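# Coordinates in review
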Amino acid sequence: MARLKSEGPKKMASTLSKHSLQPSKMPRVKILGTGSFYPERIVNNHEISKKVDTSDEWITERTGIKQRRFSSPDGGEFPTDMARSASLTALKNAGLTPNDIDLIIFATFTPDHRLPSCATILQTKLGITNQCAALDIAAACSGFVYALSLANAMIKSGASQRTLIVGSEMLSRELNWYDRASCILFGDGCGAAVVGVNNDPTDTSDIISCTLAADGTGRKFMELEYGGTAYPLTAEIIDTPKRYMTMQGRELFKVAVRTLADISFSALKMAELTVDQIDWLIPHQANIRIIEATGERLGMPKEKVIVNIQEYGNTSAATVPAAMDGAISEGKIKRGDLLLLTAFGAGLTSGAAVIRY
Ligand code: ACO
């Protein structure tokens, strides 16, 4: 098989930054409140090893994952249900009510339905009656950072005052049980944040920089070809491996480490800050070895890296916001801290943001 080359986001990111918003001329944007939600059901590695040929030792050593959460297939914990809970917490923490939101951006690749969008379903589930704009975005595991960047641009341009951004996934429905290297990685969960204009001149909270990139040449590293218009789900393939995502784990691993570090350096450069000024790194939770290697490449001490992969696995677009909310709830992240968010996913998409919380 031909090896896929991926140069990472360097070139794209620098092109993008030329067209980026200039922080000094724009209003500041604050994370007003965060929330998260995980389904009740805990699935540990022993349970996974009853379904596929693996072990707790192998999964722990190679990924750092000990357990993950799976949503109930009977309902009540679908992506928009989890998003409703996480969003209500975020709104409460922001001191706002649902109708204060004027834009919803929902990042997921496991939507409740193909139509309508999760964002519009969430609007109804939150009881929002102001007919605010609502859209889904598909950027896989980078989805939340993409959503944050879009929200930042919308607020800085004056198009939105308060945006609700969500990353919510029910990956348990999409697991490829024919592939023991991928089915062990993923879990379900949701993270949400309310971001809005910061008009207080004494409050330094801001989204200082966002850098996004994509490298479509890396498509083969992780894809799910069937179930779309090109290859609809037919009776012949419904119970075959083709119906599920495929992953080239070893190749993804290498690109992930390089890309997470490169995109982070781009965001730091745009923010005119250095790694030693950052209080907390909140990386996409894909594999503990990817997280550690990224931290090392960036020169970030381990104690400043937020990690929860051992408890929840990889929840795709939900990992970054849920990990951030967890660290805020635990009192680790405090107002005024400088945060570096970094994510990487299928596509290959990537994104990083520097935030004064
Ligand atoms: N249990 C036991 N053995 C396994 C398992 C398992 N679950 N999975 C693979 N193996 C075996 C393989 O068959 C192979 O055996 P062999 O040497 O006899 O052929 C051996 O373990 C090594 O396989 P590798 O694929 O080289 O294992 P690696 O150390 O690379 O770990 C893993 C695999 C965990 C998938 C790792 O490559 C990884 O995490 N990659 C990144 C994946 C990722 O992050 N995906 C998502 C990113 S994008 C997003 O988040 C949407």
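The structure displayed is predicted, hence computed values, not measured ones. (Residues numbered from 1 in each chain as written. Predicted model: local features only at pLDDT ≥ 70, side-chain atom pairs only at ≥ 80, totals over all residues. Heavy atoms only, no water.)

Summing up its helical and strand segments, the protein has 11 helices and 13 strands in all. Over its C-alpha atoms the protein spans a radius of gyration of 19 Å, differing by no more than 12% from the 21 Å that the globule rule assigns to 357 residues. With the C-alpha coordinates aligned to their principal axes, the bounding extent of the protein is approximately 60 × 45 × 40 Å. Taking all 357 residues of the protein together, 53% fall into the buried category. Nonlocal contacts in the protein, meaning residues at least 24 apart in sequence, comprise 78% of its contacts between residues at least 6 apart. Here the protein carries 39 positive and 38 negative side-chain charges, and the mean point of each set is 4 Å from the other. (Helix = DSSP H or I, 4+ residues; strand = E, 2+ residues; numbered from the N terminus. Rg over C-alpha atoms; globule rule 2.2 N^0.38 Å. Buried < 20%, exposed > 50% of the residue type's maximum accessible area, 1.4 Å probe, protein only. Contact = heavy atoms within 4.5 Å. Lys, Arg positive; Asp, Glu negative; His and termini not counted. Charge placed at Lys NZ, Arg CZ, Asp CG, Glu CD.)

Further remarks concern the domain arrangement of the protein. For the protein, the assigned domains read domain 1 (29–198) and domain 2 (204–356). Taking only C-alpha atoms into account, the centre of domain 1 sits 14 Å from that of domain 2. Every contact between the two is made by 54 residues of domain 1 and, on the other side, 52 residues of domain 2. Of the roughly 4300 Å² buried between domain 1 and domain 2 on both sides combined, carbon and sulfur atoms contribute 61%. The closest approach of N and O atoms between glutamate 174 and arginine 243, which form a salt bridge, is 3.5 Å. It is helix H6 (residues 143–156) that provides the largest number of residues to the side of domain 1 that touches domain 2, a total of eight residues. (Domains from an automatic or database assignment. Buried area = accessible area lost by both parts, 1.4 Å probe. Salt bridge = Lys/Arg side-chain N within 4 Å of Asp/Glu carboxyl O.)

When you tally the buried positions in helix H11 (residues 319–329), you get nine out of 11 residues, the bulk of the element. At its buried positions, H11 is contacted by strand S1 (28–37), H6, strand S7 (188–198), strand S11 (280–283) and strand S12 (338–345). Looking one or two residues past H11, glycine 331 carries a phi angle of roughly 85°, positive in sign.

As a matter of local geometry, the ligand sits amid 23 residues, with Thr54, Arg62, Cys141, Arg250 and Asn287 nearest to it. In this structure, arginine 180 approaches the ligand through a main-chain N or O atom, which is 2.9 Å from a nitrogen atom. Take asparagine 314: an N or O atom from its side chain is 2.9 Å from an oxygen atom of the ligand. About the coverage of the ligand: the protein hides 77% of its 1000 Å² of free accessible area. (Near = heavy atom within 4 Å. Polar contact = N/O pair within 3.5 Å; in protein donor to acceptor, adjacent residues only side chain to side chain. Areas by Shrake-Rupley, 256 points an atom, 1.4 Å probe, with all protein chains shown as cover.)

What follows deals with the environment of leucine 185. Mapped onto the secondary structure, leucine 185 falls in the loop between helix H7 (180–183) and S7. In sequence terms leucine 185 and isoleucine 291 are 106 residues apart; their C-alpha atoms lie 14 Å from each other. In this view, leucine 185 contacts Thr63, Ile65, Met247, Ala286, Gly313 and Asn314; residues no more than four positions away in its chain are not counted.

This paragraph deals with the environment of cysteine 190. In this structure, cysteine 190 sits in strand S7. Sequence separation of cysteine 190 and lysine 92 is 98 residues, and the distance between their C-alpha atoms is 16 Å. Setting aside residues up to four positions removed in sequence, cysteine 190 forms contacts with Gly35, Ser36, Phe37, Met82, Ala83, Ala86, Val166, Gly167, Ser168, Ala318 and Ala322.

Contact geometry for helix H8 (residues 249–271) and helix H9 (residues 288–298): axes closest at 9 Å, N-to-C directions at 40°. Relative to H9, the element H8 is oriented oblique. Note that H8 runs across H9; the crossing there is right-handed. Across the interface between the two elements, Phe253, Ala256, Val257, Arg258, Leu260, Ala261, Ser264 and Phe265 from H8 touch Arg289, Ile290, Ala293, Thr294, Arg297 and Leu298 from H9. For the contact of H8 with H9, the per-class residue count stands at nine nonpolar, two polar and three charged. (Axes fitted to C-alpha atoms, helices over the stretch in contact; angles between N-to-C directions. Parallel < 35°, antiparallel > 145°, perpendicular 65-115°, else oblique. Left-handed = near helix turned anticlockwise from the far one by under 90°. Nonpolar A, V, L, I, M, F, W, Y, C, P; charged D, E, K, R; others polar.)

Moving on, we come to the packing of helix H4 (residues 79–94) against helix H5 (residues 118–125). Put simply, H4 and H5 touch, their axes get as near as 9 Å, and they point 55° apart. Classed by the angle they form, the pair H4 and H5 counts as oblique. Regarding H4 and H5, the two cross each other, and that crossing is right-handed. Contacts between H4 and H5 involve Thr80, Asp81, Ala83, Arg84 and Ser87 from the former and Cys118, Ile121, Leu122 and Lys125 from the latter. Considered class by class, the residues forming the contact of H4 with H5 number four nonpolar, two polar and three charged.

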